[in-house]
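The residues making up each chain are set out below.
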Amino acid sequence: MTATVPLPATPAAKGGGRAVRTLPFIAPSVAVLLVWMIVPLAMTLWFSFQRYNLLNPFLTGFAGVENYQYLFEDPALWSALANTLLLVGWVLVSTVVLGTLFAVLFDQDFFGRGVARLFVIAPFFVMPTVSALIWKNLLMHPVNGFFAYVSRSLGLPVIDWFTNIPLTAIIVMVAWQWVPFATLILLTAIQSLDRDQMEAARMDGAKSIALFRYIIVPHLMRPIAIVVMIETLFLLSIFAEILVTTSGGPGVATTNLTYLIYVRALLEFDVGGASAGGVVAIILANIIAFFLIRTIARNLTA
Amino acid sequence: MATVQLKSVEKAYAGHKVIHGVDLEIRDREFMVFVGPSGCGKSTLLRMIAGLEEITGGDLLIDGTRANDVSPDRRGLAMVFQSYALYPHMTVADNMGFALKLAKVPEAERNAKVAAAAKILKLEDYLDRKPKALSGGQRQRVAIGRAIVRAPKVFLFDEPLSNLDAALRVQMRIELARLHKELDATMIYVTHDQVEAMTLADRIVVLNAGKIEQVGRPLELYERPRNLFVAGFLGSPKMNFVETAVQSADATGVTVGLPGGHSIKIAAKPARVAKGDRVTLGVRAEHLVVDPAGALVGRADVVEHLGGEVLAYVDIGGSMVVAKLPGHDRIVVGDPVSLAIRDGGAILFDAKGEAMPALGA
Ligand SMILES: Nc1ncnc2c1ncn2[C@@H]1O[C@H](COP(=O)(O)OP(=O)(O)O)[C@@H](O)[C@H]1O
Ligand SMILES: [Mg+2]
């Protein structure tokens, strides 16, 4: 999935006003990037208007909006869109909340802080497929899983995560992978908070909660916006975790847009239909990016 | 009423002592200035009073009650930081009213207090702005306003003017003096700038390497420094020091040799010295006058015409002394100069650097 990100309006870098003309220097890289982006985008667009199914090589030619019509009439698309948004939204909420709490916690001085910080960062270095396998087989498995063991020991009913609450299970898993990223960014942000400001607040009578609410959180708004933006771009295209654990199921309960395109293209061999899905994904990513960049740009200039 | 007392207060960081037993009493409504070179422990001392640093040893008494373990917001103090430490996401009004808001003061009363402080500091037109949209001097005033609004018993300032440019610094210095009169509050003020100390203080504490060197009124310290450190730290240009030896000492004074073979008799009590002891002669630049019969003979090495006065750096056989001469003096580099010391203008320091008392003192 490609997201072409609209940049906030910056003062135009005109070659004429400067002493050195910069265009010749940046032109090669701009050209390469443009080709890099434009070629796949153009091909996707092209295929999305073609009859192109690998199972039937004789069915070719211009399809008009047929692929799109078929896609929009398919209830799987709407559920995939909803799943994508739910997945992105809940992972964002949980990583930002947990990341903020961890950042505040790991900013405190305590014995073994260095090691603890290492552990909280560690999930970020685990490959998505590996982490998905671990969650599926060692933690959430209804028979052998650790959670099931805990439930049984406490006499509680065992949850079959990937059958009963599959999307929640995926959200938990993905959030686990992304909390370190949020923690890392927010921790460095907290450390850049002016020490005098904290002390002034302490003298003004701000205790832990007020300090958090009135000083730390406002200071973190900007880095949080950055975390949200970067995570969103990655979360829109979550794939490995779904493939490894639920394969989009049960039914289409955990099929997001990326996974739907995969199913269309590589399981049903309908390249045209998959390309139409890809175009929808690009449009979705652009809509989200537009709003994100706009809020963040306002945040950065404010 | 607001007094602050320090009783052999000590501070150590990880076993390394930076404040060595400070005893001090700050009186009600006094403007007390802590002055000393960078790193001597001024900020540490102030921060211990504020409650931002743990007190390692000794007692802190505020209004006679031990306050070592009282939390910073309950000591009745307000602090103005060198970096201003304004809350960047709050407006000027919110910055100033933050403490009251946390103390759950009703909004109407809070606004009234903020408005009153803004009036004193001429900030009325800026109440809705964020700190970023203010100049350095305005930010400084907001920081002071934040302290005023709390109506503290004691104001603490940690080098509040050192981030301002020279002209603004002079202006703010005057405003601070006015503010002290207007608010009638006890103030403790830290600076490394001896001019600020001399101009603002009711009393000055000179600190050096975590110890108090001397406490007293500005002129008292200037005229009767207790030792070489205080003598050298206060005053600009720096006091002249000439290393020399005692030639004779009796009830009428102490006679010391000078470079170039002359000698001079100083009206100091002879008690602690004998012939041959090493001493340091200290003379302030304004106590040197051109006099053909003067005992300090040399050549002008550097001459600075400042308009109202002339600073002449004179080489007297190896040591350099600076004399402050009237502005109309037309002395030029290379001129031979003879300088005499005005009566009572010299101080002798013994080998340990302690000032020797004057005769009749
Ligand atoms: N947090 C700290 N840890 C260790 N040493 C410190 C700390 N803060 C200050 N010091 C030391 O204490 C001494 C006094 O510092 P400070 O009070 O800031 O000096 P001043 O304000 O007079 O310039 C310095 O030598 C400084 O290195
Ligand atoms: Mg300091």
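Reading guide: rules and limits
Residues numbered from 1 in each chain as written. Chains lettered and ligands numbered in written order. Predicted model: local features only at pLDDT ≥ 70, side-chain atom pairs only at ≥ 80, totals over all residues. Heavy atoms only, no water. Helix = DSSP H or I, 4+ residues; strand = E, 2+ residues; numbered from the N terminus. Contact = heavy atoms within 4.5 Å. Areas by Shrake-Rupley, 256 points an atom, 1.4 Å probe, with all protein chains shown as cover. Expected span 1.5 Å × (residues − 1). Buried < 20%, exposed > 50% of the residue type's maximum accessible area, 1.4 Å probe, protein only. Domains from an automatic or database assignment. Buried area = accessible area lost by both parts, 1.4 Å probe. Salt bridge = Lys/Arg side-chain N within 4 Å of Asp/Glu carboxyl O. Polar contact = N/O pair within 3.5 Å; in protein donor to acceptor, adjacent residues only side chain to side chain. Nonpolar A, V, L, I, M, F, W, Y, C, P; charged D, E, K, R; others polar. Near = heavy atom within 4 Å. UniProt positions renumbered as here; feature names shortened; annotations may be inferred.

A separate point is the overall build of chain A. The number of helices and strands found in chain A is 13 helices and zero strands. When the helices and strands of chain A are placed in sequence order, the string is α-α-α-α-α-α-α-α-α-α-α-α-α. A sequence separation of at least 24 residues applies to 68% of the contacts in chain A between residues at least 6 apart. Approximately 16700 Å² of chain A is accessible, and the part contributed by carbon and sulfur atoms is 73%.

Each α-helix winds once per 3.6 residues, and so residues spaced three or four apart point in a common direction. Helix length check: helix H4 (residues 136–149) of chain B (14 residues) gives 20 Å between terminal C-alpha atoms against 20 Å at 1.5 Å per residue, within 8%. Burial analysis of H4 of chain B places 12 of its 14 residues in the buried class, which makes it a mostly covered element. When H4 of chain B is considered as a whole, its buried residues turn out to be Gly-137, Gln-138, Gln-140, Arg-141, Val-142, Ala-143, Ile-144, Gly-145, Arg-146, Ala-147, Ile-148 and Val-149 of chain B. Against helix H9 (195–203) of chain A together with strand S6 (77–80), helix H2 (92–102), helix H3 (107–120), strand S7 (154–158) and helix H5 (166–183) of chain B lie the buried residues of H4 of chain B. Just beyond H4 of chain B, the residue with positive phi is Ala-151 of chain B, at close to 45°.

All names here are of chain B. According to the domain assignment, chain B consists of domain 1 (4–227) and domain 2 (237–349). Using C-alpha coordinates to define each centre, domain 1 is positioned 39 Å away from domain 2. Contacts between the two partners involve four residues from domain 1, matched on the other side by four residues from domain 2. Taking both partners together, domain 1 and domain 2 bury about 370 Å²; carbon and sulfur atoms supply 56% of that area. Interface area lost by domain 1 to domain 2 is led by Tyr-222, Pro-225 and Asn-227, which between them contribute 89%. Counting every contact that joins domain 1 to domain 2 gives zero salt bridges. Joining domain 1 to domain 2, the criterion identifies two residue pairs in polar contact (both at pLDDT 80 or more). Its residues assigned to classes, the side of domain 1 that touches domain 2 shows two nonpolar, one polar and one charged.

Moving on: the side chain of Arg-47 of chain B. Locating Arg-47 of chain B in the fold gives a position in helix H1 (residues 42–50). At 2.6 Å, the side chain of Arg-47 of chain B and the side chain of Glu-199 of chain A are in polar contact. What Arg-47 of chain B contacts, discounting residues up to four positions off in sequence, is Arg-195 and Glu-199 of chain A together with Leu-52, Glu-53 and Met-79 of chain B.

Residue and element names in this part refer to chain B. In the vicinity of ligand 1, the residues found are Tyr-13, Val-18, Pro-37, Ser-38, Gly-39, Cys-40, Gly-41, Lys-42, Ser-43 and Thr-44. Contact distances for ligand 1 include 3.3 Å between a nitrogen atom and a side-chain N or O atom of Tyr-13. In this structure, Gly-39 approaches ligand 1 through a main-chain N or O atom, which is 2.6 Å from an oxygen atom. In terms of residue count, the dominant contributor to the shell around ligand 1 is H1 (three residues). For the shell around ligand 1, the residue count by class is four nonpolar, five polar and one charged.

With that settled, the discussion passes to the UniProt feature "transmembrane region" (unreviewed entry) in chain A. Residue and element names in this part refer to chain A. Per the UniProt record, "transmembrane region" (unreviewed entry) is annotated on residues 25–47, 84–106, 118–135, 165–190, 211–240 and 274–293. A distance of 32 Å separates the end C-alpha atoms of residues 84–106, which is 100% helix and 0% strand. When the span residues 274–293 is considered, its composition is 100% helix and 0% strand, and the gap between its end C-alpha atoms is 28 Å.

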